Amino acid sequence: QICPQGWVDFSSRCYYISCQQKNWFESQQDCKQRGADLAIINSGEEQEFINNLNKRIWIGLTDTDKEGSWNWVDGTNLTIRFWKQNEPNDAGGKEDCAESAVEFNPQMIWNDIPCELQRYWVCERGPELN
Ligand code: 2F8
Ligand code: CA
């Protein structure tokens, strides 16, 4: 079980860390083209790994379908949550995509922001099975 070249292995998952910034939709599209989705965060350890990248990045979390109903792009249930205090707040009525910022406390790090903003992004996929 190995990650494709240029991907980082963490806890039996593979992560692609972008060097450019794109809006949320283009970022998810880029991940799809790489056989992945934007990062889906399922544990404190995974959130800490993302935090340690030291970049503000898009994660695979959006409420574009229904305001206030946050969904992971891969369809899995939103169980563990790492929203900052008082987030998500849909500021200005136009914040439908989630970013993970860089904080001392990685347990409170997500914020909803407008999807058209430019951010780095992280794709996540399983390893290649040989
Ligand atoms: O105070 C929280 C608030 O801060 C900013 O808006 C002023 C954030 N906007 C961006 O980062 C674009 C809001 O999302 C955030 O809720
Ligand atoms: Ca917000």
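Please refer to the structure placed before this passage.
This section reports on the structure supplied with the text. Model, not experiment: these values are computed from the prediction.

A tally of regular secondary structure across the protein gives 2 helices and 8 strands. For the protein, the sequential pattern of α-helices and β-strands runs β-β-α-β-α-β-β-β-β-β. The C-alpha atoms of the protein give 14 Å as radius of gyration, which agrees with the globular expectation for 130 residues (14 Å, within 12%). Taking the principal axes of its C-alpha atoms as reference, the protein extends roughly 45 × 30 × 25 Å.

Turning our attention to the nonpolar core. Buried together is how nonpolar side chains tend to be arranged in soluble globular proteins. Judged by nonpolar contacts, the single largest core of 19 residues is most densely connected at Ile41, Ile50, Ile59, Leu61, Trp72 and Trp110. With 3 residues, the single largest contributor to this core is strand β4 (residues 57-62). Formed by 14 residues, the second largest nonpolar core is a distinct cluster that contains Tyr16, Cys31, Cys97 and Cys123.

Calculation notes
- Residues numbered from 1 in each chain as written.
- Chains lettered and ligands numbered in written order.
- Predicted model: local features only at pLDDT ≥ 70, side-chain atom pairs only at ≥ 80, totals over all residues.
- Heavy atoms only, no water.
- Helix = DSSP H or I, 4+ residues; strand = E, 2+ residues; numbered from the N terminus.
- Rg over C-alpha atoms; globule rule 2.2 N^0.38 Å.
- Core = buried A, V, L, I, M, F, W, Y, C linked by side-chain atoms within 4.5 Å.
- Buried < 20%, exposed > 50% of the residue type's maximum accessible area, 1.4 Å probe, protein only.

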